[in-house]
Amino acid sequence: MKYKGWFLRAAALLPLALMTFLLSGCADVVVLDPKGEIGKHQLDLIYITTGLCLIIIVPVLILTFWIAWKYRAKSKKKEAYQPEWDHSTKLETIWWGIPILIILLIAIVTVQYSYKLEPSKAIASENKPITIQVVALDWKWLFLYPEQGIATVNYVQFPEKVPVQFQLTADAPMNSFWIPQLGGQIYTMSGMAMKLHLIADEPGGLLRYGRELQRRILRQDDLQREGDVASRLRQVGSGRQAIVSGDGPGRLQRARAAGNLAGAFVLRFPCRFVRQDRQQVCRRRLRPPSRRRSGIVQRRRGRSRERPRYERRAGHERHGHVRRGR
Amino acid sequence: MKITKLSDFFVTGDPLIYGADVAIGLTMVAIVVALTAFKRWGWLWREWLTTVDHKRIGIMYVIASLLMLFRGGVDALLMRTQLALPDSMEFLKPDHYNDIFTTHGVIMILFMAMPLMFGLFNLTVPLQIGARDVAFPLLNSLSFWLFFMGAMLFNVSFVIGGSPEAGWLAYPPLSEKMFSPGVGQDFYIWGIQISGIGSLMTGINFIVTILKMRAPGMKLMKMPMFTWSVLSSCVTIILAFPILTVTLALLFIDRYFGAHFFTLDMGGNPMMYINLIWMWGHPEVYIVVLPAFGIFSEIVATFSKKRLFGYGSMVFALMSISIFSFFTWAHHFFTMGSGANVNAFFAVTTMIIAIPTGVKIFNWLFTMYKGKITFELPMLWTMAFIPCFIVGGMTGVMLSVAPADFQFHNSYFLIAHFHQVLIGGVVFGYFAGLYYWWPKVFGFKLNDKLGKWAFWLWNIGFYVCFMPQYVLGLMGMTRRVSSYSWDTGWWSWNFVSTIGGFLMGIGFLFQVWQILHSIKFMERVKGDPWGGRTLEWSIPSPAPFYNFAITPKVEGRDDWWRRKELAAKGVQDPPPKYEPIHMPKNSGTPIVMSLFWFILGFGFVFDWLWLIVPGAIGIAATMLYHSFNYDTDYYVTAEEVRKTEAKAGEGCLMAHVAANQSSHDHDHGHDGHHDLEALRTMGFWIFIITDCIIFGTLFATYAVLMNSTAGGPTGADLFEMPGVIAETFILLTSSFTSGLAVLSMNRGDKKGLIGWLIVTALLGASFITLEVTEFLKMIDEGAKISTSAFLSAFYTLVGTHGLHVSIGLIWMVALMLQVAKRGITPVTKRKIGNISLYWHFLDVVWIFVFTIVYMMGVR
Ligand code: HEM
Ligand SMILES: [Cu+2]
Ligand SMILES: [Cu+2]
């Protein structure tokens, strides 16, 4: 027990040392260095709430070590020892009060920002917003530009200073769509159309991150499967390219030439390939399984063909959540 | 699943798995050889496998959970190794990585934290409240064996059939057959389901134990804080676990019968699963952390040599946390886009939990304030916990700020948060508890020096491992990725994190070494090695099998401390007067029944009817065997008690101080059945509460899905009211006749009792017949469980009710036979009372089914 004091001090210093270490590497910390309005607001919010938390946490941490140190039995100075002292209404009121106050403040800020940063709320801007539809497929992202009439896979590009309305859904297991530089995240879920509004204040991505950007700038967060991107890419052998369906790259080029997407914030997604077995799964799904061949079901399927799938979903939207098959 | 080749059955192709195969094989052979060589089979069976002694069950829980900690820890280190280096690393293939993060999460929460927690409940609670055992010792043993078999079933998937790989909460549609066609997901469902039933029963058991079996004089507000925390945790268990049971059952029904609760097509609703699983999942994290709070409260008071500060606040905080934890679940999916109103609501409810949690910290600090603190191992872990949990709580509050969570969710920031509260709170807490109560359980102390090594390795390792993960989250690294590229800039942080992970691994090895070393060198201790304050320290270590030779009489909080002070003042006690002690007999029923559950689960995993049927029959048979078995307890003679005490007492004079206090108190303790029957009735009522939640959850899913007919038939197309009204009439009548049966019983009229029971059973049987006919007709018309989400919900809800009625019928026949044979005794009286309660309950449920399903359905 000789070295106990040393232990305690080390334990206290360790997190501190680590904190400094952490803060020194800020350059790459994209959440703390946002490139768009939404992300900037979210960062403000993070700072405000962290600050409020620290008001209480720092003193408590200090108090912890101070009390443990001062009232250690081995202490040379004889401190007051009051084994029966177990209640004080005044003190307890104080430490119910302080957390209640702080949490109240955080709660007020949170509620305000919840409305301000509601992802489905459009962003005010002089520029006309563009719409990009996002579909999470098994292992890859599909982007549709309805106004431009183009589609891309694992690659998305849009102009700076123009609000983007992402309309998101999935045709596979759930996924989550996140551009940390621009602001937070929303799920893509089958049978539902979500909205996410983001804006880029400056061109980004390509220039800054070079060849490897696709895995860098915009990460696909596969909420569930999280198998991995890179090694799958390697298995297929063409990791680096953003894959665009059909003559996609050409189309994207055309769109850009048309001026609509000039000076764009270019984002490439890591692409995920459909493995052999996954393809089988997909194929099996497209063919209606035998137990669903009843007349009723066929009718439903027939009806649903009238409009393209994505539109059908978006069209049925009801406060963000659309149930399929009603 | 059709097994055509051996390689469909055994997992092949990975050297790690072959290694595991060999290790498992060798271990099994070694165990069998050792048991045979030392002729220990009988001993194992008599002393351990069939024991109903809470202390031994506790030890088995602890051993099993430490083994699971080892497996979960190996999983963790495999993942960290894979992530240590970018890109080039192909240590784990992506699919294997998926397996491992899934099993890691499940094992750590459900097969490590939960059983370790139950182990500590068992080792401590009866001793703290001055009880001879838990309320239902046999059920306790069954809970353990169900946990054990569930854990085994889950772990078997590593070498047989393939592991689950859809994450620890198995979100659909990924976990549905369409995307997870293998058996791994079924192992997940059945492993958790079987052990979950055990957890639920433990919850009931400890609630009754704590409410009913406290030593005389121990008012609720005189209970030790750990006991309070167990109570709050168990209340949360009985309210939350039924939701898990239903959720997993629905997923199973989807996968097995092709239903559409959570599928992409036919009106299924995956979002409903996410809601349901977190309605259990969030309370679950508090279920495991509340007892840790209790442990810290005991330790802080003991090692500060001071009373716990703010007892009332602490109790209030515990209880309010367990209630509030039910209103925060949606903070796990702020990003689902439910809108600002919903997000703001759940953000605020989540933050509110931080308030009582913070208050507890202050109370611990002020317990230490003006104390005399010694830093033995339990206190060291407590000191490590406080700052760690403060920071973890703070990041929790940051996450609960919904719009900010959009940037944290699914990233390593979140991973760091929950590991900080789970390791810094739960694991540190349970370790502290183990170190604290170890001498009580085994009668010797754990080596201090090795323990310090383990402590520092764990603590330094923890910060080195998880602080970088906060940064990685802010750098955009998402959870569940198995590799990343060099240019992300994540490499150095990940590498540091991996080092931290291994430091904790070495810390664990030091603990194993510490235990082995201490077993070898045995520093024996007496009853009260730490200067304890509560009753468990008043008896010898290890405690005799009946715990308290004489039931103590409690006068204050920290009663043992009070008595030591009295003794120091020279207050003398009269010599002890021992009396016979009533004890439960050991039983093989729990382990045998759990084995049948294993068989059943394994059968369902592979869809092998030849295993499912014997499994189900075996479960029913053991249950009936138990129901007919009246030879369950015995008396320890006063003479034997005297001898045992004298032997233990040589080392532990203090014990008598406690014992003698209540030698003239006869209102509790040895006297048999009257007390016991009251306990059992209470337990049954709590069971009915859990069943209410099961039906409530089913009604909720039905309400969500009742319009999702996917173009298929609606209620109006299907339901034929005359038949349903007849069913309703029959069931209501049967409730009435079961009431008449009870009335006859109370008059002591055995013939009338049996007669009315027969009438009730016949009515119940005709209800079931009508219902089955109705179902068959609907199925014949093409309205199957797989036709639409509406029909899935309909068949499941009404079918669950029908299943309850059917089980009730079998039970009723069993009881008639017992009454016929034994007449009206306190035991049969209680049993008949319970079944009649059950029957009325099913009637009430049916009234809801009738109005909500049928009446609203035909409109
Ligand atoms: C001060 C109290 C706490 C607050 C305010 C809090 C808040 C949160 C929030 C908001 C999330 C969701 C974050 C997200 O998914 O984006 C979360 C996740 C989580 N928390 Fe806490 N938490 C607290 C304490 C705890 C405790 C005591 C435990 C466990 C003992 C715990 C375990 C977890 C786990 C396991 C998850 C994530 C599960 C998953 O996504 O797989 N938290 N917490
Ligand atoms: Cu939670
Ligand atoms: Cu949703």
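A brief look at the structure comes next. (Residues numbered from 1 in each chain as written. Chains lettered and ligands numbered in written order. Predicted model: local features only at pLDDT ≥ 70, side-chain atom pairs only at ≥ 80, totals over all residues. Heavy atoms only, no water.)

### Re the overall build of chain B
- Broken down by element type, chain B carries 27 helices and four strands.
- Along the first, second and third principal axes, the C-alpha set of chain B runs to 85 × 80 × 60 Å.
- Relative to its 859 residues, chain B shows a buried fraction of 66%.
- In chain B, of all internal contacts separated by at least 6 residues, the share reaching a separation of at least 24 is 84%.
- Accessible surface for chain B amounts to roughly 28800 Å². Of this, 72% is attributable to carbon and sulfur atoms.
- Of the side chains in chain B, 56 bear a positive and 53 a negative charge, and the two mean positions are spaced by 10 Å. (Helix = DSSP H or I, 4+ residues; strand = E, 2+ residues; numbered from the N terminus. Buried < 20%, exposed > 50% of the residue type's maximum accessible area, 1.4 Å probe, protein only. Contact = heavy atoms within 4.5 Å. Areas by Shrake-Rupley, 256 points an atom, 1.4 Å probe, with all protein chains shown as cover. Lys, Arg positive; Asp, Glu negative; His and termini not counted. Charge placed at Lys NZ, Arg CZ, Asp CG, Glu CD.)

### A word on the side chain of B:N155
Residues and elements named next belong to chain B.
- With respect to the secondary-structure elements, N155 resides in helix α6 (residues 137-156).
- Owing to a relative accessible area of 14%, N155 belongs among the buried residues under this scheme.
- A polar side-chain atom of N155 sits 2.8 Å from the main-chain carbonyl oxygen of A151.
- Not counting residues within four places of it along the chain, the set of residues in contact with N155 comprises M68, R71 and I107. (Polar contact = N/O pair within 3.5 Å; in protein donor to acceptor, adjacent residues only side chain to side chain.)

### Concerning the site of ligand 1
All names here are of chain B.
- Ligand 1 sits among 24 residues. The nearest are W168, D405, H409, H417 and R479.
- Interatomic distance of 2.8 Å between a side-chain N/O atom of W168 and an oxygen atom of ligand 1.
- A distance of 2.8 Å is found between an oxygen atom of ligand 1 and a side-chain nitrogen or oxygen belonging to H409.
- Looking at the shell around ligand 1, the elements that each hand over two or more residues are α9 (270-304), α11 (340-368), α12 (377-400) and α14 (412-442).
- Along the lines of polarity and charge, the residues of the shell around ligand 1 split into 14 nonpolar, eight polar and two charged. (Near = heavy atom within 4 Å. Nonpolar A, V, L, I, M, F, W, Y, C, P; charged D, E, K, R; others polar.)

### Considerations on the interface of chain B and chain A
- Counting from both sides, the interface comprises 113 residues of chain B and, opposite them, 109 residues of chain A.
- For the pairing of chain B and chain A, the buried interface totals around 10400 Å² over both sides, and the portion due to carbon and sulfur atoms is 67%.
- Together, B:F362, B:K370 and B:Q407 form the three largest contributors to the area buried by chain B at its contact with chain A, with a combined 7%.
- Across the pair B:R307 and A:D86 runs a salt bridge whose closest N-O atoms are separated by 3.0 Å.
- For the pair chain B and chain A, the interface holds 22 residue pairs in polar contact (both at pLDDT 80 or more).
- Contributing elements (two or more residues each) for the side of chain B that touches chain A: α5 (94-128), α9, α10 (311-324), α11, α12, α13 (402-408) and α15 (448-474) of chain B. (Buried area = accessible area lost by both parts, 1.4 Å probe. Salt bridge = Lys/Arg side-chain N within 4 Å of Asp/Glu carboxyl O.)

### Here's the deal with the pattern of salt bridges
All names here are of chain B.
- Scanning the model with the defined rule gives 21 salt bridges over all chains in all.
- For K55, the salt bridge is made with D53, and the minimal N-O distance between the two is 3.1 Å.
- Two residues, K452 and D448, come together in a salt bridge whose shortest N-O distance is 3.3 Å. Of this pair, K452 and D448 both sit in helix α15, four residues apart, roughly one helical turn.
- Sharing partners across several salt bridges, the network here consists of E555, D559, R562 and R563.

### Points about the coordination of the copper ion (ligand 2)
Residues and elements named next belong to chain B.
- Taken together, the protein ligands of the copper ion (ligand 2) are H282 (ND1), H331 (NE2) and H332 (NE2), with distances of 1.8 to 2.0 Å.
- Spacing between the donor residues of the copper ion (ligand 2) along the chain follows H-x48-H-H.
- A spacing of 4.7 Å is found between the copper ion (ligand 2) and the iron atom of ligand 1. Remark: H331 occurs in the loop between α10 and α11 and H282 occurs in helix α9; sequence separation between them is 49 residues. In this structure, H282 and H331 share a single accessibility class: buried. (Donors = N, O, S within 2.8 Å, 3.2 Å for Na, K, Ca; no water.)

### Details of the environment of B:M778
- Here B:M778 shows up in helix α25 (residues 750-780).
- In this view, B:M778 contacts B:L718, B:F719, B:A783, B:L791, B:F794 and B:Y795; residues no more than four positions away in its chain are not counted.

### Things to note about the sheet that holds strand β8 (residues 194-198) of chain A
All names here are of chain A.
- The mixed open sheet is built from five strands, whose spatial order is β3-β2-β1-β5-β8. Only two strands of the sheet have a single partner each, and these edge strands are β3 (150-153) and β8. Each neighbouring strand pair of the sheet contributes to a mean axis angle of 25°, computed without reference to strand direction.
- Both strand β2 (residues 140-145) and β3 contribute to a ladder of four bridges, which runs antiparallel. Across the sheet, L142 pairs through a bridge with V153, a residue of β3. (Pairing = 2+ DSSP bridges. Axes fitted to C-alpha atoms, helices over the stretch in contact; angles between N-to-C directions.)

By themselves, these figures tell us nothing about what the structure is for.
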